Amino acid sequence: MNSVWWASEDFWRKMAVWLTAVMTVVLILLTFDTVKQITAGSERVPAYSAINHRIYYRFDSSRNMQVPVIGDSAPLFGTSLSEEDAEALVSKGKLTTQAKNCMNCHTLLGNGAYYAPDLTKAWLDPAWGSEAAREQLMVNFLLDPHTNARGYGTGRKMPNLGITEEEAHGVVAFLKWMSTIDTNGFPRNFTPISQEGDR
Amino acid sequence: MNAGIQESSNLTGGQKLAVKYYTVAVVLFVAQILFGLLSGLKYLQPDFLYEVLDFNVTRMVHINAMIVWMLFGFMGAIYWLVEEESETELVGLKLGNLAFWVLTSAVTVVVLVYLFVQVGPAEMSTIWFIGEGREYIEAPRWADIGIVICLLVFMYNIAATFMKGKWSGISGVLVLDLVALAGLYVAGMYYTPNISMDQYWWWWVVHLWVEATWEVLVGCIMAWGLIKTLGANRKIVTTWLYIEVALMLGAGILGLGHHYFWIGTPEYWLGIGGFFSALEPVPLVAMVVHAVYDSGVHGSKNSNHPALAWLIAHAFGNFFGGGVWGFMHTLPQINLYTHGTQWTTSHGHLAFFGAYATINIAMFYIALQRWRGNVYMSAGLPGNGWKWKWALSLLCTGVVGMTMALLVSGYEQAFVERALGGSTWAAYFEAQRGTWYVQGMYWRQIFGYVTAAGLVLLIWDLLTIGLREKRSMVVPTDHVVVTA
């Protein structure tokens, strides 16, 4: 039956073992590099204190994509935070998004459910109107999504999830920080809110 | 052996345990479809059960019930085959039963908390006791630990039984795969404020389960199923299994990279992920060839028509759902526009059904045949086997219909929201209001009802097939039909 080596059981057993082993080793090596590059405080995934700054996008012609830029000082809720306090606030917001199960309606970095809009660039969305009113509008929306509903004629409304003021501030900080992540140009052609100092 | 009636004395210890797993699997399958229908309905009637059972809850139960019923199905399948394959009795039957009840109780508590508590404050206690809020692995941490312990007990039971009895190619692959399956789940038990890091490890569980270890697992079940139903030659089947493992893990492990395009991870993943995930359909083609070839050389003479039909549905469903639908949007140049749209839903529906629901259903039929006394289940069943044939047709039509409808919505969304609208919230909602998008959602719901009808019929057939059947099973042989 095993007249040819490439159809033999033995050959494919070895192939299965070797290919799996080699690919696993390659994945582990790449993981070491990737984890270094996505640790908060790196070039691609900035430090949490980036929330003390204005965030905007610049088209990078060499990469042919928009990249986030951390600009001048623009503290969130008027207070500049230390690295530890910024991390604590962003963490509160991230934990809120998990505790309220946001990901089963929204997408974050494009992952999640598709019943509600992507949150990757929520901080920079033109829907907030003006840069000055944005953070308060976001907090108001999270605290009272009924009064501040934004369904754009689809009839879909965010439910009231019992988010506290502290949690709402955390979520806004988390969303602002998420908008600084270099997502290789995703989503393509995103049109940000117009901000002072845009270029 | 008493034929034509359901008797547990027809089963071995491991098989009785398998039947328990299968029972829970079917209950959860019903829950999956029910909560899927509710979730789909919310796109059409957003006020339906608003702030009672919101979309985030119904959708979470929909996808979790799916993951868990498939896992219960796989565990059942392995308990079913382990004693025959190892030619000895299960070493830890009591322990296996205990783990089954612990796991089933844990799943029940988790679902009740999902439905009645739903969300919690932004504290680690919510992560530990209510839910982790991370798609697919929402189960709270206490349940995660329970799942890993139950998987370890399961792994011990299977590995130790093979060690006591006899090893084979299939069992070797199976046990190694179970080690990876249990180990990978641990990568999901992790909290970090860093969303990029979070999603990096989250995909280790989600991708490396469903696109690697689960695929290998169903490869093993398929190999055993073909031997069982067709009497396929073990050496040929085992060689095919090795080919599939080599190609599946050769492509699938680094194919993980297609989830690392846009989450903050470095640009080299665009090339690596694109290249290796484009190769992921290859082993699925191998599976189709293998299943169809084996059926052909046996002239489709087999011991269990419904089971073989579902095995063939698995081969094609896995190839189209996982392979073709995955490939369609896996290259980064396309995925940039389709990532996070209904394209993914379209792919998800066909892939999970095609790759995993089908093979579990095939195994249900193999189990029922023996449970009812090795009864006849080949051609010429009462009523020409209309129930299983209609159940198969309705389930396949329902899922393929949903897949097509969601794809239309997905195309519209990718064009209107992403390509034209600049991906703002206003563009998102413009796409959601679009006529073609809305039509897609209506058709998805209609085909959802077709799927539900198929499931009702399937359960009716599972409860009745082979009862009062006095003919005995056609014994498959390794006889190859030679045509001139």
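Residues numbered from 1 in each chain as written. Chains lettered and ligands numbered in written order. Predicted model: local features only at pLDDT ≥ 70, side-chain atom pairs only at ≥ 80, totals over all residues.

Remarks on the overall build of chain B
Applied cut-off: A run of H or I in DSSP becomes a helix once it reaches four residues, and a run of E becomes a strand once it reaches two; helices and strands are each numbered from the N terminus. Only C-alpha atoms enter the radius of gyration, while the globule expectation follows 2.2 Å times N to the 0.38, with N the number of residues. Two residues qualify as being in contact provided that their C-beta atoms, derived from the backbone, are within 7 Å of each other.
Within chain B, the regular secondary structure consists of 16 helices and zero strands. Expected size for 484 residues packed as a compact globule is a radius of gyration near 23 Å; at 22 Å, chain B falls within 12% of this value. Principal-axis analysis of the C-alpha atoms places the extent of chain B at approximately 65 × 50 × 45 Å. The contacts in chain B between residues at least 6 apart in sequence include a share of 80% that link residues at least 24 apart.

Some thoughts on the domain arrangement of chain A
Threshold: The source of the domain bounds is an automatic or database domain assignment.
Domain boundaries in chain A define domain 1 (7-37) and domain 2 (48-178). Using only C-alpha atoms to locate each centre, domain 1 of chain A and domain 2 of chain A end up separated by 39 Å.

Observations concerning helix H15 (residues 425-433) of chain B
Condition: Residue burial here comes from a neighbour count, namely the number of other C-beta atoms, placed from the backbone, that lie within 10 Å of the residue's own C-beta, with 20 or more meaning buried, 12 or fewer meaning exposed, and in between meaning partly exposed.
Buried within H15 of chain B are the following residues: Trp 425, Ala 427, Tyr 428, Phe 429, Ala 431 and Gln 432 of chain B. For H15 of chain B, the secondary structure elements touched by its buried residues are helix H14 (386-420) and helix H16 (435-464) of chain B.

Observations regarding the interface of chain A and chain B
Let me state the cut-off plainly: Charged means Asp, Glu, Lys or Arg here, nonpolar means Ala, Val, Leu, Ile, Met, Phe, Trp, Tyr, Cys or Pro, and polar covers whatever is left, Gly included.
Opposite the 71 residues of chain A that make contact, chain B presents 64 residues. At the level of secondary structure, the elements contributing two or more residues to the side of chain A that touches chain B comprise helix H1 (9-37), helix H2 (83-99), strand E3 (107-108), strand E4 (111-112) and helix H4 (165-178) of chain A. Ranked by residues supplied to the side of chain A that touches chain B, first place goes to H1 of chain A with 13 residues. Classifying every residue of the side of chain A that touches chain B gives 33 nonpolar, 24 polar and 14 charged.

As for the nonpolar core
The cut-off we apply is this: As used here, a nonpolar core is made of buried Ala, Val, Leu, Ile, Met, Phe, Trp, Tyr and Cys residues. They are joined through C-beta atoms within 7 Å.
Formed by 204 residues in total, the largest nonpolar core has its most connected members in Tyr 21, Ile 78, Cys 220, Ala 223, Leu 311 and Ala 367 of chain B. Among the elements that make up this core, the one with the highest residue count is helix H7 (residues 195-230) of chain B (22 residues). Split by domain, the residues of this core number at least three in each of domain 1 (7-37) and domain 2 (48-178) of chain A. Discounting chain neighbours no more than four positions away, the residues touching Cys 220 of chain B are Ile 170, Val 173, Leu 174 and Leu 241 of chain B. Within the second largest apolar cluster, eight residues are counted, among which are Trp 425, Ala 431, Tyr 437 and Met 441 of chain B.

Overview of the pairing of strand E1 (residues 53-60) of chain A
Residue and element names in this part refer to chain A. Going by this rule: For two strands to be treated as a pair, DSSP must find at least two bridges joining them.
Both E1 and strand E2 (residues 65-73) contribute to a ladder of seven bridges, which runs antiparallel. Bridge pairing links Tyr 56 to Val 69 in E2. Here E1 hands over to E2 after four residues, with Asn 64 in that stretch at a positive phi of 55°.

Some words on the packing of helix H2 (residues 55-86) of chain B against helix H13 (residues 342-371) of chain B
All names here are of chain B. Heads up, the rule is: Note on method: axes are straight lines fitted to C-alpha atoms, helices fitted across the in-contact stretch only, with angles between N-to-C directions ranging 0 to 180 degrees. In these notes the angle categories are as follows: under 35 degrees is roughly parallel, over 145 is roughly antiparallel, 65 to 115 is roughly perpendicular, and the rest is oblique. Two helices that cross are described as forming a left-handed crossing if the nearer one is turned anticlockwise from the farther one by less than a right angle, and a right-handed crossing if clockwise.
With their axes 10 Å apart at the nearest point, H2 and H13 run at an angle of 40° to one another. One way to sum up the angle between H2 and H13 is to call them oblique. Seen along the crossing, H2 lies across H13 with a hand that is left-handed. Residues Met 66, Met 70, Gly 73, Ala 77 and Trp 80 of H2 form the contact with H13, whose own contacting residues are Phe 352, Tyr 356, Asn 360, Met 363 and Ala 367. For the contact of H2 with H13, the residue count by class is eight nonpolar, two polar and no charged.

Describing the confidence of the model for chain B
The predicted coordinates ought not to be read in detail in places where the model reports low pLDDT. Going by this rule: How sure the predictor is of each residue is captured by pLDDT, a score from 0 to 100.
Looking at chain B, the pLDDT average stands at 94 and 99% of residues meet or exceed 70. Here the prediction assigns the complex a pTM of 0.96, and the interface score ipTM is 0.97.

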